[in-house]
Amino acid sequence: MGIYFYNQGNGGRYLRCTDLSVTQKCSLKTEGKGTTRYDDGRTATQGTNSLLIELLLILLMDNEADAFYEGLPKVELHAHLNGSVSFQTIEKLIRRKPQLNIEHSMTAIGKGQRRTLDECFQVFKVIHQLVDSEEDIFMVATDVIKEFAADGVKYLELRSTPREETTTGLTKRRYIETVIKYSKLCTLTLIIKRFLVAIDRRNGSQVAMETVQLAEEFLLSSDGLVIGIDLSGDPTVGHGRDLLSALQKAKDSGLKLSLHLSEVCFIIHSHTNTTIKLT
Ligand SMILES: CC(C)=CCNc1ncnc2c1ncn2[C@@H]1O[C@H](COP(=O)(O)O)[C@@H](O)[C@H]1O
């Protein structure tokens with residue numbers, strides 16, 4: 001941990017502490033002979049030693065808060081596999097495929113950055129380029145599950161859209177098997193894992209029906225890991241009613257449904273207004 005003073009042009013003296021393990025910075029400002037304040041305006045005790053001690057206490061408290069929040073048992077009910085890939089895992093994927101010339105900025109939306117809906121979905125397309133083989137999927141699924149477990153998640157519902165990739169020989173069936181492989185292997189991790197097979201609405205009703213058939217097979221053969229269907233994808237593409245028969249089939253066979261629907265505003269004309277009813 002590094003602690004040092006520095007002066008700024010405005011006459012304020014700052015005491016800065018850098019804890020590399022949490023990459024966190026705190027500063028205190030001494031206003032001439034007057035009060036010493038923390039960044040958030042609270043008054044600090046005078047005297048260098050007291051300042052150092054207070055600063056250390058703040059760091060400890062922040063670390064404790066992190067530990068407290070991590071330790072809280074949580075349920076994660078909405079994790080898209082390829083939407084949950086951490087910076088570290090992306091780093092490994094980028095190193096595996098340097099020929100793609102993909103940079104981190106293309107695979108994530110930074111804090112405070114604004115993106116159009118279309119741009120958000122472009123990010124997934126880039127990640128899909130990086131995750132296109134069984135090895136990639138296994139690594140991503142393993143990392144994502146471990147990271148959720150480390151964050152205190154005790155029940156995890158992962159969802160992902162099975163893809164086939166001719167270049168790597170990946171099939172949709174192998175995709176699902178690979179995603180759930182780590183869940184079957186890791187009995188040590190104290191986390192309950194469930195998997196939803198996702199339908200990307202842009203692929204239309206035929207693919208939706210095939211996806212449901214595949215999910216039905218896994219519902220019966222995956223020892224309770226595969227429990228349902230997720231309908232997701234760009235909400236501006238296609239219409240939910242076109243997928244209704246596939247969703248009804250899923251429901252009839254005992255698959256649970258999780259649906260992204262009506263997330264964007266459309267002008268609904270009376271003759272196109274449809275009630276989606278899944279009984
Ligand atoms: C604007 C935005 C990104 C909102 C997030 N909300 C979402 N709405 C609909 N579909 C989604 C969303 N996040 C992820 N997905 C789906 O999850 C996929 C990525 O995860 P996976 O490849 O299925 O493993 C995306 O291609 C998309 O089909």
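Counting of residues starts from 1 at the beginning of each chain's written sequence and follows it residue by residue. This being a predicted model, a pLDDT of at least 70 is required before a residue's local features are given, and a value of 80 or more before pairs of side-chain atoms are given or counted; all residues contribute to the totals for chains, interfaces and linings. The side-chain figures draw on all heavy atoms in the structure; neither hydrogens nor water molecules are used.

> How should I be thinking about the site of the ligand in this particular structure?
A single heavy atom is enough: if one lies within 4 Å of a molecule or strand, its residue is considered near that molecule or strand. In the vicinity of the ligand there are 16 residues, among which Asn82, His128, Ser160, Thr161 and Gly233 approach most closely. Throughout this description, a polar contact denotes any pair of N or O atoms lying within 3.5 Å of each other; where both atoms belong to protein, one of them has to be capable of donating a hydrogen while the other can accept it, and for residues adjacent in sequence the pair is counted only when both atoms sit in side chains. Backbone polar atom of leucine 81 to an oxygen atom of the ligand: 3.5 Å apart, as the coordinates give it. Here an oxygen atom of the ligand sits 2.6 Å away from a polar atom, N or O, in the side chain of threonine 161. Residue exposure ignores everything except the shown protein chains as possible cover, and the areas themselves are Shrake-Rupley values with a 1.4 Å probe. Relative to its unbound accessible surface of 600 Å², the ligand loses 84% to contact with the protein. Secondary structure counts use DSSP, requiring at least four H or I residues in a row for a helix and at least two E residues in a row for a strand, with both numbered from the N terminus. Elements with a minimum of two residues in the shell around the ligand: helix H3 (117-130) and strand E7 (153-160). Ranked by the residues each element gives to the shell around the ligand, the list is headed by H3, at five residues. Residues are grouped as follows: nonpolar covers Ala, Val, Leu, Ile, Met, Phe, Trp, Tyr, Cys and Pro; charged covers Asp, Glu, Lys and Arg; every other residue, Gly included, is treated as polar. Here the residues of the shell around the ligand sort into five nonpolar, eight polar and three charged.

> Sorry if this is basic, but what is going on with the sheet that holds strand E9 (residues 226-232) here?
The parallel open sheet is built from five strands, whose spatial order is E6-E7-E8-E9-E10. Unpaired on one side and paired on the other, strand E6 (74-80) and strand E10 (256-259) mark the two borders of the sheet. Here the average twist between neighbouring strands, direction ignored, is 25°. Whether two strands pair depends on DSSP finding at least two bridges between them. Note: E9 against E10, four bridges, orientation parallel. Across the sheet, glycine 228 pairs through a bridge with lysine 256, a residue of E10. A contact between two residues is defined here by any heavy atoms of the two lying within 4.5 Å. Every axis in this analysis is a line fitted to C-alpha atoms, fitted for helices over the stretch in contact. Angles between the N-to-C directions lie between 0 and 180 degrees. Running at roughly 150° to E7, helix H4 (residues 134-150) makes contact with E6, E7 and strand E8 (192-200) of the sheet. The sheet strands contacting helix H7 (residues 244-252) are E8, E9 and E10, and the helix crosses E10 at an angle near 145°.

> What exactly am I supposed to notice about the packing of aromatic side chains here?
To describe a pair of aromatic rings, one takes the distance between the centres and the angle between the planes. In this scheme Phe, Tyr and Trp rings, the latter by its six-membered ring, pair at centre separations within 6.5 Å, and the angle between planes marks the pair as stacked below 30 degrees, edge-to-face above 60, and tilted otherwise. Summed over all chains, the structure comprises three aromatic pairs. Seen from their ring centres, phenylalanine 68 and tyrosine 69 are 5.3 Å apart, and the 70° between their planes marks the pair as edge-to-face. For the pair phenylalanine 138 and tyrosine 182, a centre-to-centre distance of 6.3 Å together with 75° between the ring planes defines the contact as edge-to-face. Here the residue phenylalanine 138 occupies a position in helix H4, and tyrosine 182 occupies one in helix H5 (residues 172-185), the gap between them amounting to 44 residues.

> Teacher, can you tell me more about the packing of H5 against helix H6 (residues 204-221) here?
Two packed helices can be described by the angle between their axes and the distance between those axes. Running from amino to carboxyl end, H5 crosses H6 at an angle of 35°, the nearest separation of the two axes being 11 Å. In this structure, H5 crosses over H6, and the sense of that crossing is right-handed. Here Lys172, Arg173, Ile176, Glu177, Ile180 and Lys184 of H5 come into contact with H6, specifically with Val207, Leu214, Glu217, Phe218 and Ser221. Within the contact of H5 with H6, the residues separate by chemical class into five nonpolar, one polar and five charged. Each helix crossing is assigned a hand: it is left-handed if the near helix lies turned anticlockwise from the far helix by less than a right angle, otherwise right-handed if that turn is clockwise.

> What should I look at first to understand the packing of H6 against H7 in this one?
At a minimum axis distance of 8 Å, the contact between H6 and H7 shows a crossing angle of 10°. Compared by their axis directions, H6 and H7 come out roughly parallel. Contact with H6, carried on its side by Ala208, Met209, Val212, Gln213 and Glu216, involves Ser245, Ala246, Lys249 and Ala250 of H7 and no other residues of that element. Here the contact of H6 with H7 is built from residues that sort into five nonpolar, two polar and two charged. Roughly parallel means an angle under 35 degrees; roughly antiparallel, over 145; roughly perpendicular, 65 to 115; everything else is oblique.

> Even after reading the chapter, I still don't get the pattern of salt bridges, so can you show me in this structure?
Close approach of charged atoms allows side chains of opposite charge to pair. Salt bridges are identified by distance alone: a Lys or Arg side-chain nitrogen within 4 Å of an Asp or Glu carboxyl oxygen. Summed over the entire model, instances satisfying the criterion amount to 11 salt bridges. One salt bridge in this structure joins aspartate 132 and lysine 97, with 3.4 Å as the shortest N-O distance. Of the two residues, aspartate 132 sits in the loop between H3 and H4 while lysine 97 sits in the loop between helix H2 (87-96) and H3, which places them 35 residues apart along the sequence. Of the two residues, aspartate 132 and lysine 97, neither departs from the other in class, the shared state being buried. In this structure, arginine 159 engages aspartate 230 in a salt bridge whose closest nitrogen and oxygen atoms are separated by 2.8 Å. Linking arginine 159 in strand E7 with aspartate 230 in strand E9, this pair joins segments that are 71 residues apart in sequence. Think of it in three bands: residues with accessible area under 20% of the maximum for their type are buried, residues over 50% are exposed, and the middle band is partly exposed, with areas taken using a 1.4 Å probe on protein chains only. The class of arginine 159 is buried, set by a relative accessible area of 2%. Residue classification places aspartate 230 among the buried residues on the basis of a relative accessible area of 0%. Beyond isolated ion pairs, a larger network of salt bridges with shared partners links Arg96, Lys97, Asp132 and Asp136.

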